[in-house]
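Listed below are the residues making up each chain.
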Amino acid sequence: MNPTPAPPPTPETVGRLVRALLSGDTAPGPGPDVRPVREGGGHFTWWVGRHHVLRLAPDHESSLRRRRELRLRDLIRPFVGGAVPMSVARGDWASGLSYTLDTLLPGVSGEEQAVSALGEADLADLLTGLRAVPVRRAETLGVPRSAPRSLETLRAAAVRAAERLPAEEFDPAGLDQLAAPAAVQLGAQTGPAVLVHHRLLGEHLVVGPDGRLRGVLGWSGTVIGDPAEDIAGLALAVGAPAAVRAATLAGYGARSCLRGLWLARCDTVVGLAEGLRGGRVPGRLPLLEARLRRAWESILLERVTDLRDTPDDPP
């Protein structure tokens, strides 16, 4: 039987917890300003003053993921440096329900600020660092393995989705570039499985006003698997050309770059079709359209049609 879930935390609950964490004072009274990150009910993520963010697990399954995420962040920090949030306090806010108080990373969402050339180099360092994290150590923390997706299956889904999109949204002829032979050649990763963030989207990138990468959020979905998934995420976040440049700087070859590009392109076609059909929150349609535009930005690499002699990516 699942335990009874705790009620959503109130400002008073969060205020007492924050005062205890930052000053050791649990008595009622003024403390750091706390406010929910999002509007609406059921707040489990709170801004704390101007320098911290408090995340409260809503249930026991989330608690397990959060505790694993904290251990994972400690593991990967030496490899990716300041890209990982720093926890200044952690514990339970209710019976069996964890919290973490993190230092707020300076910057804004990657959806609001484009990355610069130096920011692309930062993304390359991030991909390089993730590949260097020892996979066996990540597995001991409970990070799961994820099998590579079938590009042929995904392409077929994208073709069906494209037929439902209005002509002004997408030209189905674009998918002709991913012909069956190319889909087979790009069908699976050829290098070793690595640590993959798996959600390198704009909303998880913290970018400074200079376009430099200041941090990466959302590590709870990290897996051991296909690095092309992170290249795909970057194509949605910063555009296909910037994503491929970053991946190339990180040492990935044409096969991984093209596989990531086409994963992103097919995903955006399927995602937009679902959004227009009403399967997603209508307010997210502009975001889905923006991701499709970014993923479909033209690059010279996509003209490569024969990868039989392309060297495998380095281990």
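In the block above lies the structure referred to throughout.
Procedures and definitions
- Residues numbered from 1 in each chain as written.
- Predicted model: local features only at pLDDT ≥ 70, side-chain atom pairs only at ≥ 80, totals over all residues.
- Heavy atoms only, no water.
- Phe/Tyr/Trp six-rings, centres within 6.5 Å; stacked < 30°, edge-to-face > 60°.
- Helix = DSSP H or I, 4+ residues; strand = E, 2+ residues; numbered from the N terminus.
- Buried < 20%, exposed > 50% of the residue type's maximum accessible area, 1.4 Å probe, protein only.
- Lys NZ or Arg CZ within 6 Å of the ring centre and 35° of its normal.
- Pairing = 2+ DSSP bridges.
- Contact = heavy atoms within 4.5 Å.
- Axes fitted to C-alpha atoms, helices over the stretch in contact; angles between N-to-C directions.

To continue, consider the packing of aromatic side chains. Tallying each qualifying case throughout the model produces three aromatic pairs. On the numbers, 5.5 Å between centres and 90° between planes, the contact of W262 with W296 is edge-to-face. Of this pair, W262 sits in helix α9 (residues 254–277) while W296 sits in the segment after α10 (285–295), and the two are 34 residues apart along the sequence. For W262, a relative accessible area of 3% corresponds to the buried category. Above the plane of the ring of Y252 lies R131, whose end atom (NZ or CZ) is 4.5 Å from the centre. Sitting above the plane of the W262 ring, R265 keeps its charged end 5.0 Å from the centroid.

A positive phi is found at H198, a non-glycine position, where the angle reads about 80°. Its place among the elements puts H198 in the loop between β7 (194–196) and β8 (205–207).

Note: β8 against strand β9 (residues 213–216), three bridges, orientation antiparallel. Paired with V206 across the bridge in β9 is G215. Between β8 and β9, which follow one another and run antiparallel, lie five residues, and G211 among them has a positive phi close to 80°.

A word on the environment of R65. Tracing the chain through its elements places R65 in helix α2 (residues 60–80). Separated by 77 residues in the primary sequence, R65 and G142 have C-alpha atoms spaced 9.4 Å apart.

Our focus in this paragraph is the environment of R77. Relative to the helices and strands, R77 is located in helix α2. Linking R77 and G129, residues 52 residues apart in sequence, is a C-alpha distance of 9.0 Å. Dropping the residues within four chain positions of it, R77 is found in contact with V84, P85 and M86.

Now for the sheet that holds strand β4 (residues 87–94). In sheet architecture, strand pairing relies on hydrogen bonds along the backbone and comes in two forms, parallel and antiparallel. The strand order β1-β2-β3-β5-β4 describes an open sheet built from five strands, whose pairing is antiparallel. Only two strands of the sheet have a single partner each, and these edge strands are β1 (34–36) and β4. Averaged over all pairs of adjacent strands, the angle between strand axes in this sheet comes to 25°, irrespective of strand direction. Where strand β2 (residues 45–48) and strand β3 (residues 52–56) come together, four bridges link them in antiparallel fashion. Note that in β3 the partner of W47 across the bridge is V53. Together, β1, β2, β3, β4 and β5 (97–103) form the strand contacts of helix α1 (residues 11–23), whose direction differs from that of β3 by roughly 120°.

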